[in-house]
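Chain residues, written in single-letter form:
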Amino acid sequence: TTVTCGTNVTGLTSSQGSNTWRAYANDSFGNVNRTTSITFSVDSLNPGIDYGTGTETNATYLSRSNIVVNATATDTNLANITIELYNTTGGFTIVNRTTTITSPNYINITSLSDGVYYFNASARDTNNNANSTLTRTVTLDTTRPLVSFGTGTENDGVNVSLSNIYVNVSLTETNFANITFNLMN
């Protein structure tokens, strides 16, 4: 850009990545001078982040005591990836926070109690640009349902002459899905 002496220059733009600028000046007698060059980097882009292979699916019920999260981030100037796991026992409490400085960040959090858990991942670059995944929910339930026959149900092995069979069942289960009756003749 050419300007008249004494004019401020604004509105110049730089591209993403490395840029080098140098200013030149000359007078009407042909004398030329220039500044030393300055090199700087422009990074206004948020890191890319997503869940990788093995990460638990959202709204999943698992009959085990561990949760796997695999987060992958992409950025030229990646600073860190943080995975956070929360649960609802006693409020919204952080159970685990794991930060790495390289991608991917793969964690297998073990020895968890039954309950509802939430997790997400975030990435930050060295210029403080940040991005995060959607939060996923996983319910851990390692307790078997308690099923028992109630009052009025015939005892096992009894012969009766009836046209119907009465069955009374009691169920104790936090994450009820269904009850299935099998009649074997």
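Going by the structure above, here's the rest.
Computed from a prediction, not measured in an experiment: that's the story for all the values here.

Undergrad: With reference to specific residues and values, describe the overall build of the chain.
TA: Across its full length, the chain carries zero helices and 15 strands. The globule rule puts the C-alpha radius of gyration for 185 residues at 16 Å, and the 32 Å found for the chain is more than 25% above it. Across its three principal axes, the chain shows a C-alpha extent of roughly 125 × 30 × 30 Å. By residue count, 23% of the 185 residues in the chain fall in the buried class. Contacts in the chain between residues far apart in sequence, at least 24 positions, make up 54% of those at least 6 positions apart. Of the roughly 13,300 Å² of accessible surface on the chain, 49% is carried by carbon and sulfur atoms. Taking the 7 positively charged and 12 negatively charged side chains of the chain as two groups, their mean positions are separated by 14 Å.

Undergrad: So what about the nonpolar core? Which residues, and what values?
TA: General note: in soluble globular proteins, nonpolar side chains tend to be found buried as a group. Ile-67, Val-69, Leu-85, Leu-112, Phe-119 and Leu-140 are the most contacted members of the largest nonpolar core, which has 20 residues in total. Contacts of Ile-67, omitting those with residues within four sequence positions, involve Glu-56, Leu-85, Ile-107, Asn-108, Ile-109, Leu-112, Tyr-117, Phe-119, Val-138 and Leu-140.

Undergrad: Explain the packing of aromatic side chains to me, and be specific about the residues and the numbers.
TA: A full pass over the atoms with the stated rule returns four aromatic pairs. Ring geometry for Trp-21 against Phe-40: centres 5.5 Å apart, planes inclined by 80 degrees, an arrangement best described as edge-to-face. You can see Trp-21 sitting in strand E1 (residues 17-21) and its partner Phe-40 sitting in strand E4 (residues 38-42), a full 19 residues away along the chain. Given the relative accessible area of 34%, Trp-21 is considered partly exposed. When its relative accessible area of 26% is taken as the criterion, Phe-40 is described as partly exposed. Ring geometry for Tyr-86 and Phe-92: centres 5.0 Å apart, planes at 5 degrees, overall stacked.

Undergrad: Report on the pattern of salt bridges, specifying residues and quantitative values.
TA: Summed over all chains, the structure comprises two salt bridges. In this structure, the salt-bridge partner of Glu-56 is Arg-64, at a minimum N-O distance of 2.2 Å. The class for Glu-56 is buried, based on a relative accessible area of 8%. The residue Arg-97 makes a salt bridge to Glu-84 at a minimum N-O spacing of 2.5 Å. Here Arg-97, found in strand E9 (residues 93-100), pairs with Glu-84, found in strand E8 (residues 78-87); they are 13 residues apart in sequence, far enough to count as distant.

Undergrad: Explain the side chain of Asn-87 to me, and be specific about the residues and the numbers.
TA: Within the fold, Asn-87 resides in strand E8. Setting aside residues no more than four positions away along its own chain, Asn-87 makes contact with Phe-92, Thr-93, Val-95, Val-116 and Tyr-117.

Undergrad: Could you give an account of a nonpolar patch on the surface, naming the residues involved and the relevant values?
TA: Together, Val-147, Phe-149, Ile-165, Val-167, Leu-171, Phe-176, Ile-179, Phe-181 and Leu-183 make up a nonpolar patch on the protein surface, roughly 970 Å² of accessible area in all. Structurally, Phe-176 is set in the segment after strand E15 (169-172). Note on Phe-176: relative accessible area 48%, which makes it partly exposed.

Quick notes on the rules
Residues numbered from 1 in each chain as written. Predicted model: local features only at pLDDT ≥ 70, side-chain atom pairs only at ≥ 80, totals over all residues. Heavy atoms only, no water. Helix = DSSP H or I, 4+ residues; strand = E, 2+ residues; numbered from the N terminus. Rg over C-alpha atoms; globule rule 2.2 N^0.38 Å. Buried < 20%, exposed > 50% of the residue type's maximum accessible area, 1.4 Å probe, protein only. Contact = heavy atoms within 4.5 Å. Areas by Shrake-Rupley, 256 points an atom, 1.4 Å probe, with all protein chains shown as cover. Lys, Arg positive; Asp, Glu negative; His and termini not counted. Charge placed at Lys NZ, Arg CZ, Asp CG, Glu CD. Core = buried A, V, L, I, M, F, W, Y, C linked by side-chain atoms within 4.5 Å. Phe/Tyr/Trp six-rings, centres within 6.5 Å; stacked < 30°, edge-to-face > 60°. Salt bridge = Lys/Arg side-chain N within 4 Å of Asp/Glu carboxyl O. Patch = residues over 30% accessible without salt bridge, like charges linked within 9 Å, V, L, I, M, F, W, Y side chains within 5 Å.

Fair warning: the whole summary comes from geometry, so function is off the table for now.
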